[in-house]
Amino acid sequence: MTGVVSLLDRSRLETLAAVASDDARAAHSMPGWYYNDPTIFEQEKSRLFAYGWVCAGHTSEIASPGQYMAVKIGDEPVVVLRDRKGKVRAFSNVCRHRGMALVKGKGKTAVLACPYHAWSYDLNGVLLKAPYMDAVNGFDKGACALPEFALEEWRGFLFVNTGNNAPPLAPELAALEPLVANYQIEMRHCTETWFEEWGTNWKLLVENFMEGYHLSVTHATTLDSITPTELCEKLATGNGFTAYRSNYRNSSPQREPFPEALTAQERRSSVLFNAYPNLVITVGPNCAVFLILLPETPETVNIKMGILVQEGADDLPETEAYINLAHEFNAEDRMMLEAMQKNSRSAHRPPAPLAPEALEGTIWDFTRHVARHLTGNANGAVS
């Protein structure tokens, strides 16, 4: 922990270390500085986003060779693409000449061409063309390939490790498998994706998405009639995730179509999970909505949002209704979170007890995960 002490205020470090410990202390919310401290944010980028597996998108976004999507993971620009052989790969999205971004957003291309000086790279990262550089003595085109990052696919989602040193992803999510297997999210595809920037700390957004305590209040006109607070239940947690279930009211219509493998309870509920650090998703019988969080500053976060649907369901009225609902409840959350972020510097925002385990236990799971990484205790066992 010596390296962290020189960067973090000692009292704040002690607070984080207490949260990270494996004792039975009561679950509590975090003070305002946890959501606005620039030093903590820098630590998060290096210890959570560069160290671990970070979700970059869904495989259906790059379904054919040449398709790509650009994301920024911490301070690292990354392009995830499908190469000519159909393999999904992740490369640095920084030209090896003068540092220009090669691509933006999403698209399809035969080569990655720098818009500044036209250096061009094949879809395997190899430099193909560098205008006029053959006149430079000693120039070695072979030494200018794009750095490649580790990439793993889990249930259709693509995770990148820019540090190339993370342990395998699947064991970290093993205890999540039985909770989502029947929903067959790996068989679904994106029918709509969009980007938004919210004026809130990324951790505050994770906490909001992962608790059912606010459903009947914040979403009184959108979600309470479907998934009220009192029907939420905490599910498993693991080294790489936390999860809860939101059960539907008996009066709520059945969401269709749904995979035949779903149990009676799964047909009448959604599973929400956070695959640490930046993927949050609610998986329902017919559709799923996911948010991929890409923090920009301590108090702003870029969000890739998407809707997953089953084959043939893109144009169904039920799908359109779900997409409209997702836009509505996300807008309600945004209003609350941006207002709370503005109060993060208040002297009257102390830690307070969290709601019962079924309602906010997932917040404590996530908070302890973050604290373990910030205090150098990332290998601590979950409890």
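Residues numbered from 1 in each chain as written. Predicted model: local features only at pLDDT ≥ 70, side-chain atom pairs only at ≥ 80, totals over all residues. Heavy atoms only, no water.

## A closer look at the sheet that holds strand β1 (residues 54-58)
With antiparallel pairing, the seven strands of this open sheet are ordered in space as β1-β10-β9-β4-β3-β2-β5. Strand pairing shows two members of the sheet lacking a second neighbour, β1 and β5 (106-108), which therefore form its edges. Taking the axes of each pair of neighbouring strands and ignoring which way they run, one obtains an average angle of 30° across the sheet. Summarising the sheet, strand β2 (residues 67-73) and strand β3 (residues 76-82) pair through six bridges and their orientation is antiparallel. Counted as the bridge partner of K72 is P77 from β3. (Pairing = 2+ DSSP bridges. Helix = DSSP H or I, 4+ residues; strand = E, 2+ residues; numbered from the N terminus. Axes fitted to C-alpha atoms, helices over the stretch in contact; angles between N-to-C directions.)

## Considering the sheet that holds strand β6 (residues 112-113)
What the three strands build is an open sheet, ordered β6-β7-β8; its pairing is antiparallel. Either end of the sheet is taken by a strand with one partner, and the two such strands are β6 and β8 (127-129). Of the pairings in the sheet, the one linking β6 to strand β7 (residues 120-121) comprises two bridges and is antiparallel in character. Residue pairing in the sheet places L112 in a bridge with Y121 of β7.

## Here we look at the packing of aromatic side chains
The tally for this structure, following the rule as stated, stands at seven aromatic pairs. Ring geometry for Y34 against Y35: centres 4.9 Å apart, planes inclined by 85°, an arrangement best described as edge-to-face. Of the residues examined, Y34 reaches a relative accessible area of 1% and is grouped as buried. Judged by relative accessible area, which is 2%, Y35 ranks as buried. A cation over a ring is seen here: K203 above Y34, with NZ or CZ 4.5 Å from the ring centre. (Phe/Tyr/Trp six-rings, centres within 6.5 Å; stacked < 30°, edge-to-face > 60°. Buried < 20%, exposed > 50% of the residue type's maximum accessible area, 1.4 Å probe, protein only. Lys NZ or Arg CZ within 6 Å of the ring centre and 35° of its normal.)

## Points about the pairing of strand β16 (residues 287-297)
Where burial is concerned, most of β16 is hidden: nine out of the 11 residues are buried. Pairing of strand β15 (residues 279-283) with β16, which is carried by five bridges, proceeds in the antiparallel orientation. Each bridged residue has a counterpart across the sheet, and for T282 the counterpart in β16 is V289. What sits between the antiparallel neighbours β15 and β16 is a turn of three residues. Note: β16 against strand β17 (residues 300-309), 10 bridges, orientation antiparallel. Each bridged residue has a counterpart across the sheet, and for L294 the counterpart in β17 is N302. Between β16 and β17, which pair antiparallel in sequence order, lie two residues.

## What to know about the side chain of H58
With respect to the secondary-structure elements, H58 resides in strand β1. Among the polar contacts listed, one links the side chain of H58 to the side chain of S60, at a separation of 2.8 Å. Setting aside chain neighbours within four positions, we find H58 in contact with M69, R155, G156, F157, L158, I185, R188, H189, C190 and L308. (Polar contact = N/O pair within 3.5 Å; in protein donor to acceptor, adjacent residues only side chain to side chain. Contact = heavy atoms within 4.5 Å.)

## As for the nonpolar core
Grouped together as the largest cluster of nonpolar side chains are 97 residues, with contacts concentrated most on V80, F157, F159, F273, L279, L291 and I307. The dominant element in this core, judged by the number of residues it contributes, is β16, at eight residues. With residues near it in sequence (within four places) discarded, F159 still touches W53, V54, C55, A150, L151, E152, W154, L169, A275 and L279. In this structure, A70, V79, L123 and M133 belong to the second largest nonpolar core, which totals 18 residues. (Core = buried A, V, L, I, M, F, W, Y, C linked by side-chain atoms within 4.5 Å.)

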